[in-house]
There are 2 protein chains.
Amino acid sequence: MTAGIPLPSWRPGMTRDTLLGFLDAARSVPKADRVAYFDNDGTLWCERPTYVQFEFFLDALRRRAADDPPVGGRPEFAAVLSGDPEQVGALGLQRVALALAGLFEGFTPEEFTAEVRAFMATATHAALGRPMSTTVYRPMLELIAELRRLDFTVGIVTGGGTEFVRAVSDDLYGVPAELVVGTLIAYDFARDPGGRPGLRRTGHILGAANEGPAKVANIQTQLGRRPILAAGNSGGDREMLEWATAADRPSLALLVDHDDAGREYSYAGKAQTLSETEPVTEIASRLGWCVVSMADDWETVFPR
Amino acid sequence: MTAGIPLPSWRPGMTRDTLLGFLDAARSVPKADRVAYFDNDGTLWCERPTYVQFEFFLDALRRRAADDPPVGGRPEFAAVLSGDPEQVGALGLQRVALALAGLFEGFTPEEFTAEVRAFMATATHAALGRPMSTTVYRPMLELIAELRRLDFTVGIVTGGGTEFVRAVSDDLYGVPAELVVGTLIAYDFARDPGGRPGLRRTGHILGAANEGPAKVANIQTQLGRRPILAAGNSGGDREMLEWATAADRPSLALLVDHDDAGREYSYAGKAQTLSETEPVTEIASRLGWCVVSMADDWETVFPR
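For the structure given in this document, a descriptive report is provided here. Every value quoted in this text rests on a predicted model; they were computed, and no experiment measured them. (Residues numbered from 1 in each chain as written. Chains lettered and ligands numbered in written order. Predicted model: local features only at pLDDT ≥ 70, side-chain atom pairs only at ≥ 80, totals over all residues. Heavy atoms only, no water.)

1. A look at the overall build of chain A
Stage number 1. Within chain A, the regular secondary structure consists of 12 helices and nine strands.
Stage number 2. Since a compact globule built from 304 residues should have a radius of gyration of about 19 Å, the 20 Å found for chain A is in line with a globular shape.
Stage number 3. Taking the principal axes of its C-alpha atoms as reference, chain A extends roughly 55 × 45 × 40 Å.
Stage number 4. A burial count over chain A gives 53% of its 304 residues as buried.
Stage number 5. Taking as baseline every contact in chain A between residues at least 6 positions apart, the subset at least 24 positions apart corresponds to 67%.
Stage number 6. Carbon and sulfur atoms provide 52% of the accessible area of chain A, an area that totals close to 12,500 Å².
Stage number 7. Looking at charge distribution, chain A has the averaged site of its 30 positive side-chain charges lying 5 Å from that of its 41 negative ones. (Helix = DSSP H or I, 4+ residues; strand = E, 2+ residues; numbered from the N terminus. Rg over C-alpha atoms; globule rule 2.2 N^0.38 Å. Buried < 20%, exposed > 50% of the residue type's maximum accessible area, 1.4 Å probe, protein only. Contact = heavy atoms within 4.5 Å. Areas by Shrake-Rupley, 256 points an atom, 1.4 Å probe, with all protein chains shown as cover. Lys, Arg positive; Asp, Glu negative; His and termini not counted. Charge placed at Lys NZ, Arg CZ, Asp CG, Glu CD.)

2. With respect to the environment of A:Leu255
All names here are of chain A.
Stage number 1. Position of Leu255 relative to the elements: it lies in strand β8 (residues 252-257).
Stage number 2. Along the backbone, Leu255 and Pro139 are 116 residues apart, and their C-alpha atoms lie at a distance of 13 Å.
Stage number 3. Those residues in contact with Leu255 that sit more than four places away from it in its chain are Gly232, Asn233, Ser234, Leu241, Val280, Thr281, Ala284, Trp289, Cys290, Val291 and Val292.

3. A closer look at the relation of the copies chain B and chain A
Stage number 1. Once chain B is rotated about the relating axis by 180° and shifted along it by 0.0 Å, it coincides with chain A to within an RMSD of 0.0 Å. In the structure described here, the two chain copies are related by an operation that fits a two-fold rotation axis. Taking C-alpha positions as the reference, the residue of chain B nearest the rotation axis is B:Gln222, at 3.0 Å.
Stage number 2. A share of 100% of the interface residues of chain B reappears at the interface of chain A, consistent with the copies meeting face to face through the same patch. (Least-squares fit on C-alpha atoms with pLDDT ≥ 70 in both.)

Next comes the structure, spelled out in structure tokens:
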């Protein structure tokens, strides 16, 4: 980062002024309340054409099916391997996601983490032509760095799998495992034949998917502090952003608008609330959130 | 702390040598794996004659019953107000604990935290003749400081209420909310008449009480990293201590033995596993844990 110029990848303008104004106002907030939470997919890194986590599971499924062809015949897996979103949609995304998560049933947490890291070490984003680990948004990394300079606690609140994100969050964002809250797979506690205790992944989700109101409740139960900055890009982030700004103190709700077909993607399809059809960008302007236009506000999108 | 002498409240001897040996060995462990979790009641602060959290609920119940006498007639509350442990035991501790937790049903997290802090600001430990906030163990504070000097992440894994401990953990131990895992009360997400979202405490527990194997599973789901140091004082800590030391790397399981009737308390009653009757100190010696004798190993018990 260039010395003396904060947020160099953010173009001068209203959005950058809003960020700098918030950072300045946050100096008046007690340090224990300087808490910022970011959604991950589409907010901190690229989520198109598919979630990185989906690519990871797809890769694991392909390897599994190569070793053991009948696996590929299971309806959920056949739908995924077909590459046809309509086949997946016909079965229901949740059913397919659970089947994919089940590929790692019985794995220890350490084994699963090693699988994720091995995938990330070599995976590339074909359309963007860069390593998957560099599809993070440079302007957001700069914002996180500025927040840390002000002693903010920075966490990730994602609809994705908690363990998947924890496996990469320290490397990508400097966020430790305990500051990642996502959708959780339950573990079984068991002893090996020698009596040593350990944990194994099950095939079921603990609680509900971490989207919408669940993000708010899970922040309270798992992290325990309400944020004064929340950033997201979809309807699943709506309640978290509203909650961050509903208390009587300096706060900021940040919504990333994917309007940059040239450098990333342009889409609003996911930008709807889970229960309503009002585009989340319209909700944002109604509620006074700061909308980040990727095309207009970001001088650079990805790290060099 | 005296410069140059680490752990000054720990008397020279085998226990202190074990601690210093572990701290030295931890230098070879990657920083991301330098993780230490402490039980709270009886490990970091005094849990006798009753848990501090129980004193807090008792105080709240007395005030509530003074305002609204019929409240005191509810069987669970009558048993508590009687001061007779047998009456509480006859109803079952869990039923009584849930009734007490229900005193704060409908409170926001911020309101509950304010109640805990108001209590802690004035509560005293009658038998020890000191403020409740100074019934923490000075040797353990010194150990935490040494761990932090080595860039350890230090957390609390307690059977007590998560929100109660979070309200005091930063002040007492410098542990932020997200590094406290305990028994959780569920929250309801709701909007006020103006449409602003918020959370309210319910009267039921989320998941199971955080004891025994649940401590291991909850560390994995809520914190995401396995500790290399775990400290406890009772059977409810057994699995956590075994798990910390079951991996192939430097690790330490620490068990506080309350054998000091002169300066604190002498008891082994709670020092049994939940499902077995073997005293936990015997389990400790069988499994090679480091047993801390409060009477022999601690030069000073409480802060001055």
